[in-house]
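Observations on the three-dimensional arrangement
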Amino acid sequence: MIQQKLREKAKELLSNKTVDLIIGYGNWTLPLRTTPVFIRTPQGTESLVWNSFCENNLVTYLHKFSRFKVGIVVKGCDARSVLALSLEKRFSNQKPLLIGIPCQRIVDRKKLKKAVKGEILKAVEQGELLFVKGEDFEVTLKRDDFLYSVCQTCNHRTPLQADFLIGDPVEESPLLDTHPDVRDFEKKSPEERWTFFEKEMSRCIRCYACREACPMCYCAECFVDSSRPKWIEKSLSSSDLAFYHIVRAYHQTGRCSACGACERACPMDIRLTHLTQKLNQEVKDLYGFETGIQPEIPPPLATFDPKDEQGFIK
Amino acid sequence: MKFKLDKKDFENFLNDLLETHDLFAPVQLTEGVSVFKKIERPEEVNLNQLVPQKSAKEVFFPQSEVMFRFEMTKHQGSIVSKHQIERERVILGARPCDVEAISIIEKVFVGEDYTDLYFFEKRKETTIITLACNQPLTTCFCSSTGGGPFRREGSDIFMIDLGDSYRLELLTQKGKAFSKKRFFKEANSKDIELAKELEEKASHKTDRSIPLEGIEKRLDLMVESPFWDRIHEKCIGCGVCTFLCPTCHCFDITDEVVNLKGQRVRNWDSCLFPIYSLETSGHNPRPTGRERTRQRLMHKFNYYPKNFGKVACVGCGRCILFCPVQFDIREAIRYASAKRTQGMEGRPR
């Protein structure tokens, strides 16, 4: 249903030339996945899909297509990234048209793969169920048991500020109050936290998939790529890995929309959202601010007010 | 004599091996993530993940390698140490695709004009024990790139998992040197029969349909094709595919210096990073993803074949499995062969 409506809307926008390009999701070669698609013709819209495997935050592509009139398919978290980018004046020429879809929460493919033995050849979603098939197995699983942690705690599933909303707004009640990794992290002593952090980061191969997948990482020159001054070396020493990941997380303070794209992109399965979600929580506690919710309030770390309540800034 | 090794003796065999050799094998870092690493204890070896994230190239060409250390005084510098191989090495559990990839890199690193000692020293001292792929994945297409799940070339010992034991084929001089190993037993006719059956079964499983025949010539005519305008679009420009690729071999050399002491390090680099081709002047001859994706594919399917007569892809499928956006190199080849971009924006599965 939603998929059909999405195709119709996309077709209309391309037919009447409201947009040059639709960025959405399509099927490709792997099960449990969709792929970003870039559609320029009304006929092409037939390949648009919508399901619980639409895991990418497509907003990261908007930087690349800033010269075009773009219509983009967004979930709640993705729409928050767009709003956060607007506040940073990324769309001074033309704002993208947001085709918002209230999100049913996204399936964590890595979790699902771990739950079965053998290669998954096919996965079909039907309502709350997932039918998963391999060469010598066939199982029916509950979709809600295999959701990304950031999706379990999400309470902004309906895209805000969407130009078109496909489907009805959904009830904003998180399945979990706290991100499980954040909860575990908070329980640890500082030494244990460091040990956990170092162990996770030790798998890093510095491919920067986390950075590239993130719509908020758009610096013309990332600090890791700068050679004058050289902030960081290029090897895999634990201090360099820690440095990269701490700075990456800190640069997201008050900017992260909790989409989880960084963690999903990581080929080494490094847990990253416990850092960003913890920061999101701190920003909320300190400033009552959530990224990409209110269009008129600038992010707390990008503004200064002499009458600031917080004592530490004076 | 035909050999086998019972699985109950496997750990003991590894223990023996560790006494005489540096052993490298897949190790699981966390569920679903394995890499080739130096083994300290036999129980670390984990052969369950068919395609570990990092390939066996890591053993010869580590992601980050200190070439030498140096010290500088006011007027002169001196090299204070140099990297050397102390013990013979064994790679265990590399798959046939990874083994083929080693020979692909070797052609670059050990050539007529130049020998890269860092690679060569390690290669020379290494015995390769390959594990055949009884159960290739659907992303495996080694049979399209000139390999196969039971390809033996390049292996010193070829190992086939028979369930309770491994069938062992000692293929080279280096491999035959292992014939006196404790725990190696004589394989009976049943073992040999079973191994043959597994080979026959696996050979039907990998994808042979990727049109690589003549790809080099087709790409010659496609340097300015609109194909490149479209194929790169979904690529976000991270380094997953190139770093995990067993044949990619680009590196960058940097000096890490603190207080006049330092080390020269070479680290993997990726042609998909914008700074890879950024020149000192600020000019970048590969300014966008279009040129960078073209470089990645042209190197594998045009430049390398021109230099060495074979595509620089072994069909391991890592770049497909681990890409954050499902860039599928098989589809890229198909579309390049068909010289079309229509349909590239997704299709029903």
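Just so we're clear, the structure is a prediction, and the values are computed from it rather than from any experiment.

Attention now goes to the domain arrangement of chain A. Residues and elements named next belong to chain A. Partitioning chain A into structural domains gives domain 1 (2-108 + 147-300) and domain 2 (109-146). Between the C-alpha centres of domain 1 and domain 2 the distance comes to 25 Å. Contacts between domain 1 and domain 2 engage 21 residues on the former and 16 residues on the latter. Both faces considered, domain 1 and domain 2 share a buried interface measuring about 1,500 Å² in area, 46% of it formed by carbon and sulfur atoms. When the area that domain 1 buries against domain 2 is broken down by residue, the three leading residues are Leu32, Asp108 and Leu147, summing to 42%. For the pair domain 1 and domain 2, the number of links is three salt bridges. Residues aspartate 269 and lysine 110 are paired through a salt bridge, measuring 3.8 Å at the closest nitrogen-oxygen approach. Summed over the shared surface of domain 1 and domain 2, the result is 14 residue pairs in polar contact (both at pLDDT 80 or more).

As a measure of interface size, the accessible area lost when the parts come together is often cited. Counting residues at the interface gives 44 residues for chain A, matched by 54 residues for chain B. Carbon and sulfur atoms supply 55% of the area that chain A and chain B bury against each other, a total of about 4,100 Å² over both sides. A per-residue breakdown of the area chain A buries against chain B is headed by Trp28, Leu30 and Ile205 of chain A, which together make up 17% of the total. At the junction of chain A and chain B, the tally comes to two salt bridges. For the salt bridge of glutamate 135 of chain A with lysine 205 of chain B, the shortest nitrogen-to-oxygen distance reads 3.3 Å. Where the side of chain A that touches chain B is concerned, the elements lending two or more residues are strand 2 (35-39) and helix 7 (209-213) of chain A. Looking at the side of chain A that touches chain B, the element that brings in the most residues is strand 2 of chain A, giving five residues. Among the residues forming the side of chain A that touches chain B, the class breakdown is 20 nonpolar, nine polar and 15 charged.

This part covers the pattern of salt bridges. When their charged atoms lie close together, side chains carrying opposite charge are able to pair. Taken as a whole and assessed by the stated rule, the structure comprises 51 salt bridges over all chains. Salt-bridge contacts for glutamate 88 of chain A lead to arginine 255 of chain A; the nearest nitrogen and oxygen are separated by 2.6 Å. In this pair, glutamate 88 of chain A sits in the loop between helix 2 (76-87) and strand 4 (97-100) while arginine 255 of chain A sits in the loop between helix 8 (238-250) and helix 9 (261-265), placing the two residues 167 residues apart along the sequence. The exposure class of arginine 255 of chain A is buried, given its relative accessible area of 15%. The partner of arginine 41 of chain B in a salt bridge is glutamate 43 of chain B, and the shortest N-O contact between them spans 3.2 Å. Members of the salt-bridge network, linked through shared partners, are Glu224, Asp229, Arg290, Glu291 and Arg294 of chain B.

What follows covers the packing of helix 8 of chain A against helix 10 (residues 273-287) of chain A. All names here are of chain A. Their axes nearest at 9 Å, the elements helix 8 and helix 10 cross at an angle of 35 degrees. Here helix 8 and helix 10 pass one another in a crossing that is right-handed. Along the contact surface, helix 8 presents His245, Arg248, Ala249 and Tyr250, while helix 10 presents Leu275, Thr276 and Leu279.

A few words on the sheet that holds strand 2 of chain A. All names here are of chain A. With mixed pairing, the five strands of this open sheet are ordered in space as 2-1-3-4-8. Because the sheet does not close on itself, it has two edges, and the strands there are strand 2 and strand 8 (164-165). Helix 2 rests against strand 1 (21-26), strand 3 (70-74) and strand 4 of the sheet, and its axis sits at about 135 degrees to strand 3.

Moving on, we get to the domain arrangement of chain B. Residues and elements named next belong to chain B. Taken as a whole, chain B is organised into domain 1 (3-202) and domain 2 (215-336). The C-alpha centroid of domain 2 is placed 25 Å from the C-alpha centroid of domain 1. Listed as interface residues are 40 residues of domain 1 and, on the opposing side, 38 residues of domain 2. Of the roughly 3,600 Å² buried between domain 1 and domain 2, counting both surfaces, carbon and sulfur atoms make up 63%. Broken down residue by residue, the surface that domain 1 buries against domain 2 is led by Phe70, Ile104 and Phe141, which jointly contribute 18%. Applying the counting rule to domain 1 against domain 2 returns four salt bridges. With a shortest N-O distance of 2.9 Å, aspartate 98 and arginine 318 are connected by a salt bridge. For the side of domain 1 that touches domain 2, the elements supplying multiple residues, two or more each, are helix 2 (57-60), strand 4 (64-72), helix 3 (96-109) and helix 4 (117-124).

Here we take up unusual backbone geometry. Along the chain, arginine 228 of chain A connects to proline 229 of chain A via a cis peptide bond; the corresponding omega equals 0 degrees. Structurally, proline 229 of chain A can be placed in the loop between helix 7 and helix 8.

This next bit is on the sheet that holds strand 6 (residues 89-94) of chain B. Residues and elements named next belong to chain B. Strands sit in the order 3-2-6-7-8-9-1-10 across an open sheet of eight strands; the sheet is mixed. Looking at which strands have only one partner, the edges of the open sheet turn out to be strand 3 (33-38) and strand 10 (184-186). The mean inter-strand angle of the sheet, taken between neighbouring strand axes irrespective of direction, is 30 degrees. As defined by bridge partners, strand 6 adjoins strand 7 (residues 126-131) across five bridges and the pair is classed as parallel. Across the sheet, residue isoleucine 91 finds its bridge partner in strand 7, namely isoleucine 128. Contacting strand 3, strand 6, strand 7 and strand 8 (157-161), helix 3 runs over the sheet at an angle of about 145 degrees to strand 7. Across the sheet, helix 6 (residues 189-203) touches strand 1 (3-6), strand 8 and strand 9 (165-170), and the angle it forms with strand 8 is around 85 degrees.

Thresholds, definitions, all that
Residues numbered from 1 in each chain as written. Chains lettered and ligands numbered in written order. Predicted model: local features only at pLDDT ≥ 70, side-chain atom pairs only at ≥ 80, totals over all residues. Heavy atoms only, no water. Domains from an automatic or database assignment. Contact = heavy atoms within 4.5 Å. Buried area = accessible area lost by both parts, 1.4 Å probe. Salt bridge = Lys/Arg side-chain N within 4 Å of Asp/Glu carboxyl O. Polar contact = N/O pair within 3.5 Å; in protein donor to acceptor, adjacent residues only side chain to side chain. Helix = DSSP H or I, 4+ residues; strand = E, 2+ residues; numbered from the N terminus. Nonpolar A, V, L, I, M, F, W, Y, C, P; charged D, E, K, R; others polar. Buried < 20%, exposed > 50% of the residue type's maximum accessible area, 1.4 Å probe, protein only. Axes fitted to C-alpha atoms, helices over the stretch in contact; angles between N-to-C directions. Left-handed = near helix turned anticlockwise from the far one by under 90°. Pairing = 2+ DSSP bridges.

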